[in-house]
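Each chain, written out:
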Amino acid sequence: MLELDKKSMENIDPEGPQEIVVNIGPQHPSTHGVLRLVVTLDGERIVKCDPVVGYLHRALEKIAENRTYLQFVPLTDRIDYCASMNSNLPWVMAAEKLGGITPPPRAEYIRVIVCELNRVASHLVWWATNLLDLGAVTPFNYAFRDREMIIDLFEMLCGARLLYGYMRVGGVSKDLPDEFIPKTRKFIEHFREAIKDYDRLVTGNIIFQTRTIDKGVLSPEDAVAYGVTGPNLRASGVSWDLRRDEPYSVYPEFNFEIPLGKKGDCFDRYIVRMDEMRQSCNIVEQALNKLPSGPVIVPELPYRLKIPKGEVYVRTEAPRGEMGVYLVSDGDSKAYRAKIRTGSFSNLSVFPSMLPGALLQDMIAISGSMDFILPEIDR
Amino acid sequence: MNRSEIKQKLEEKFSCYKFSDDPDNPEGIIIQPDALLDVAKYLVNDIDLAFNFLNFVTAIDRGSKFEVVYMLSSIPLKHRVLLKVAVPREVPEIESVTTIWPTANWHEREAYDLFGIKFLNHPDLRRIMMPDGWEGHPLRKDYVHENMVHLPDMG
Amino acid sequence: MNFEYYLWKLTDLIAGPFIHTQVPRDGWTGLILHVIFMAIVVVIILAFLALDAFFLIWLERKISARIQNRLGPMVSGPRWLAKFSMWTGGIFQTLWDTLKLMLKEDIINRRADRLGFMLAPFICMAATFMAFLVIPFGKGLVAQDLNIGVLYLVAIGSFAVIAILTAGWSSGSKYSLLGGLRSAAQIISYEVPMIFGILGPVMIVGSLSLVDIVEAQKNTWFFVPQILAFLVYFISATAEINRTPFDLPEAESELVAGFVTEYTGMRFAMFFLAEFTNMFIISAIAVSLFFGGWMLPFGLEFPKVIQLGNFVIPYIDILLGAVVFFIKAYFFVIVLMWFRWTYPRVRVDHLLGLGWKVLLPVGFLNMLLTGIWMMIKPRGG
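This one's a predicted model, so the numbers in the text were calculated from it and none came from an experiment.

A. Highlighting the overall build of chain A. A tally of regular secondary structure across chain A gives 15 helices and 8 strands. The C-alpha atoms of chain A give 22 Å as radius of gyration, which agrees with the globular expectation for 379 residues (21 Å, within 12%). Taking as baseline every contact in chain A between residues at least 6 positions apart, the subset at least 24 positions apart corresponds to 71%. Counting every atom, chain A has about 12900 Å² of accessible surface; 54% of that belongs to carbon and sulfur. Treating the 45 positive side-chain charges of chain A as one cloud and the 51 negative ones as another, the clouds have centres 4 Å apart.

Here it is as structure tokens:
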């Protein structure tokens, strides 16, 4: 017997509560990265959960102080690798806003198109992994089949398949290739049918519903108090979407609905995200119809762009909640301080308070439905 | 509600504290450290302000002092404000706002971890990003680490 | 002669029913023939078990691939075969996988209880393979027609829980322990409804022998009057062998792999093999109890012999009966695979709730209805 075991055996109180501490992660199939959850279990019931983050901490905010605004764009991809386009956006928007640069309208439209497509791709990854956590393996393959089409579109656009680095301060790096628009339309047409298949396969399934309905309820008060944003907040019934409530880019020109949940349980979070994918398709379609012509980037912006002294906080609606950049410039070509506010960080902070009393399996279902992504938490 | 209106309301309510506009940030209000808790409670509870949502807490290293930054928004009223509190570098201490916005718990832990700002009465002030035994606070401007590389300045 | 007598007894026990009508039962010649036959039968059964598990693993991979829009393994096998369709590609996949597992290092965790850890896979495998003793593959094709066959199967089935609990406890890992505990709760709760499912046909026939039960279904398969019993049996049996949606003991998304987390190489393969063999066993039992075993529906029968010119091929009905049996059994195996690749996993308390609150009352109800029917039906009819 190991020394450690002997020690722990001595401390066992035979009359006391029979709790065990289980380390879920950092390497575990259901923590979607390197999240570590130190869970105290009483049988299968959770007594306490303490998330330990930081395994992916790369000090992006420190690196941002040592890079020009352009150089940092590829690093913003790494904030949320499932939605790189959405992570690019707040950074370039913050630099533009502080520097007084207005990107050309075509660039704004292209940004909306790629961001919404990436939102669909990101939600597909969530759909796949959430159901994988619940033990259904097949949906994973369907979701990745469709995500692959979006990735192909992006590859056509910028050559990269995961970390695009597509946006620039003052626009986007390249114009859309000729076949992008027809292929995107084709994808949307395909995806509207595919999502019906998803519903048939999963949404009505009785096992899925008993696993999710009334599990992991997050009240609207708690959600707001803990700074939860994105689909998780809307699933609790709080109508708060930055695309509508604090419009940025060209979002005011599109019609779209904000799907809302009623109870804030895992099933509502599921439904809200499914509806968001449909709405994103609508936005992409409208943007393709209205796409103006013209340049896609402000011409002759210096590579070593200097941004006047000042501060700005720009926030956008990323797939996992509010992603914002708080940019402090002292007039140099590098940021003096950049704080990156991400959705998952606050979403994870509410997670331990949702758990006590739930079963271990519920914990997996809840964490799956909350859609954490670890690089976004650790940055 | 914009900054001047919010500031006016604050000045009416708290005549004992001083409020000033942040010259850098069009939505920033600089407040005194000892006013923080009172102001925060008022911002949450007043029906015309209703700042029920704390976006983040962070800090800026300004050399001789740290500026602790609170970004607030109001979900029902759709307006936002940025509070700034300056704390001295030698004694970087400030009251925690965790009791008012629970989300501040993790954000303050992050600011503590990366800047070394001590939040008083915080329920669980541990490092969050860095390993437990880490020395120093990485986001301070004077932080050095043997593996840090500074890119050459390109022009 | 004592020695000769015991040898006769031994061969009879294992291979007797297959051969005793065909070989002379006197003298040393008869005995030698008998031993040879016995050896052949044993080899056939063991080879079949191994091949069956191999085939099932391959089949599962192909079926999951078909369900998931993939091709599945396509490379490890004759390339020219793989050109025809996805169903002919990668036919040696399981073989190479098994070789790989055999060559892997056998790691025993330092915290593990060595004896239990090493024994558990063997217990699991033995418990599984012992069930084959009483399964009638065809008319007369049963290793030993025990008169308590059904009882024997139930007893053997609950043996597996010992293996899983041993594996979970002795691994020295918390994931394994939780998996083992879940498994104990699950298998114990599902054994009861499963027995109630089995009881239906047993009540009608009045015998515990599987051969008797199959032969009683000459005209009507018990599937028809005993639909409730069949459903109860099939659902409980799925839970009993830890298949999705009831695969909680090895839930990979919560418990990594449950009780097999710490196992590597061949020991892991044994659990794996046992799982697939179990799948075949519960399907075979379902076929025997509810779907007429080796028999055709509506009382149809195969010809006993086929005459080709001067040639007479005997026992053709036994052969075709076995084929029918396997077709039926594989159908249920495929249904089980279909479950696995479609459903999410149930939660542990829902699982126990389903067993005790739904399946058990339904099983009782079925027993009651069967009893009433047996009371009112005309005697001898």
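B. View of the overall build of chain C. Along the backbone of chain C there are 14 helices and 2 strands. Relative to its full complement of 381 residues, chain C shows a buried share of 49%. Within chain C, counting contacts between residues at least 6 apart in sequence, those at least 24 apart form 74% of the total. Carbon and sulfur atoms provide 74% of the accessible area of chain C, an area that totals close to 18000 Å².

C. Up close: the interface of chain A and chain B. Each partner contributes to the interface: chain A provides 43 residues, whereas chain B provides 51 residues. The contact between chain A and chain B buries some 4000 Å² in all, and 56% of this surface belongs to carbon and sulfur atoms. Counting across the chain A and chain B interface gives 9 salt bridges. With a shortest N-O distance of 3.2 Å, Lys309(A) and Asp24(B) are connected by a salt bridge.

D. View of the environment of Asp265(A). Residues and elements named next belong to chain A. Checked against the element boundaries, Asp 265 lands in the loop between α11 (242-245) and α12 (266-290). A sequence separation of 104 residues divides Asp 265 from Ser 369, and the C-alpha atoms of the two residues are 8.9 Å apart. Excluding residues within four positions of it along the chain, Asp 265 makes contact with Thr 212, Ile 213, Asp 214, Lys 215, Gly 216 and Val 217. Of note is the side chain of Asp 265, whose polar atom sits 2.9 Å from the backbone nitrogen of Asp 268.

E. A nonpolar patch on the surface, seen in detail. All names here are of chain C. Taken together, the side chains of Ile 91, Phe 92, Leu 95, Trp 96, Leu 99, Met 102 and Leu 103 make up a nonpolar region of the molecular surface, amounting to roughly 690 Å² of accessible area. For Leu 103, the location among the structural elements is in helix α4 (residues 93-103). Owing to a relative accessible area of 74%, Leu 103 belongs among the exposed residues under this scheme.

F. Seen up close, the sheet that holds strand β6 (residues 310-318) of chain A. Residue and element names in this part refer to chain A. With antiparallel pairing, the 3 strands of this open sheet are ordered in space as β6-β7-β8. Only two strands of the sheet have a single partner each, and these edge strands are β6 and β8 (335-341). Strand after strand, the sheet turns through a mean of 15 degrees between neighbouring axes, direction not considered. Where strand β7 (residues 321-329) and β8 come together, 6 bridges link them in antiparallel fashion. Opposite Ser 329, over in β8, you have Ala 335 as the bridge partner.

G. Spatial organisation of the arrangement of the chains. For the 2 pairs of chains in contact, the largest share of contacts goes to chains A and B. Taking C-alpha atoms only, the smallest gap left between chain B and chain C, which are not in contact, amounts to 25 Å.

H. Representation of α12(A). Here α12(A) contains 25 residues, and its C-alpha end-to-end distance of 36 Å stays within 8% of the 36 Å for a straight helix at 1.5 Å per residue. For α12(A), the tally of buried residues reaches 18 of 25 residues, placing the bulk of the element in the interior.

I. The arrangement of the interface of chain A and chain C in detail. Across the contact, 36 residues belong to chain A and 28 residues belong to chain C. Surface buried jointly by chain A and chain C totals about 2800 Å² across both partners, of which 56% is contributed by carbon and sulfur atoms. Applying the counting criterion to the chain A and chain C interface returns 1 salt bridge. Note that Asp362(A) is salt-bridged to Arg347(C), the shortest N-O span being 2.7 Å. Here chain A is connected to chain C by 9 residue pairs in polar contact (both at pLDDT 80 or more). Elements represented by at least two residues in the side of chain A that touches chain C include exactly α1 (3-10), β1 (19-24), α5 (105-133), α6 (138-158), α8 (206-212) and α14 (360-370) of chain A. Of the residues contributing to the side of chain A that touches chain C, the split by class is 18 nonpolar, 11 polar and 7 charged.

J. How the structure looks around helix α7 (residues 180-203) of chain A. Turning to α7(A), its buried residues are Phe180(A), Thr184(A), Phe187(A), Ile188(A), Phe191(A), Ala194(A), Ile195(A), Tyr198(A), Val202(A) and Thr203(A). For α7(A), the elements touching its buried residues are α5, α6, α8 and α12 of chain A.

K. Focus on the side chain of Glu108(B). Residues and elements named next belong to chain B. Inspection of the secondary structure puts Glu 108 in helix α3 (residues 104-115). Buried within the structure, Glu 108 lacks any salt-bridge partner; Arg 109 is the closest side chain of opposite charge, at an N-O distance of 9.7 Å. A polar contact of 2.7 Å, which involves the side chain of Glu 108, links it to the side chain of Ser 96. Excluding anything up to four places from it in sequence, Glu 108 contacts Val 57, Tyr 70, Glu 95, Ser 96, Val 97, Thr 98, Phe 119, His 122 and Leu 125.

Rules used throughout
- Residues numbered from 1 in each chain as written.
- Chains lettered and ligands numbered in written order.
- Predicted model: local features only at pLDDT ≥ 70, side-chain atom pairs only at ≥ 80, totals over all residues.
- Heavy atoms only, no water.
- Helix = DSSP H or I, 4+ residues; strand = E, 2+ residues; numbered from the N terminus.
- Rg over C-alpha atoms; globule rule 2.2 N^0.38 Å.
- Contact = heavy atoms within 4.5 Å.
- Areas by Shrake-Rupley, 256 points an atom, 1.4 Å probe, with all protein chains shown as cover.
- Lys, Arg positive; Asp, Glu negative; His and termini not counted.
- Charge placed at Lys NZ, Arg CZ, Asp CG, Glu CD.
- Buried < 20%, exposed > 50% of the residue type's maximum accessible area, 1.4 Å probe, protein only.
- Buried area = accessible area lost by both parts, 1.4 Å probe.
- Salt bridge = Lys/Arg side-chain N within 4 Å of Asp/Glu carboxyl O.
- Polar contact = N/O pair within 3.5 Å; in protein donor to acceptor, adjacent residues only side chain to side chain.
- Patch = residues over 30% accessible without salt bridge, like charges linked within 9 Å, V, L, I, M, F, W, Y side chains within 5 Å.
- Pairing = 2+ DSSP bridges.
- Axes fitted to C-alpha atoms, helices over the stretch in contact; angles between N-to-C directions.
- Expected span 1.5 Å × (residues − 1).
- Nonpolar A, V, L, I, M, F, W, Y, C, P; charged D, E, K, R; others polar.

By themselves these figures say nothing about function.
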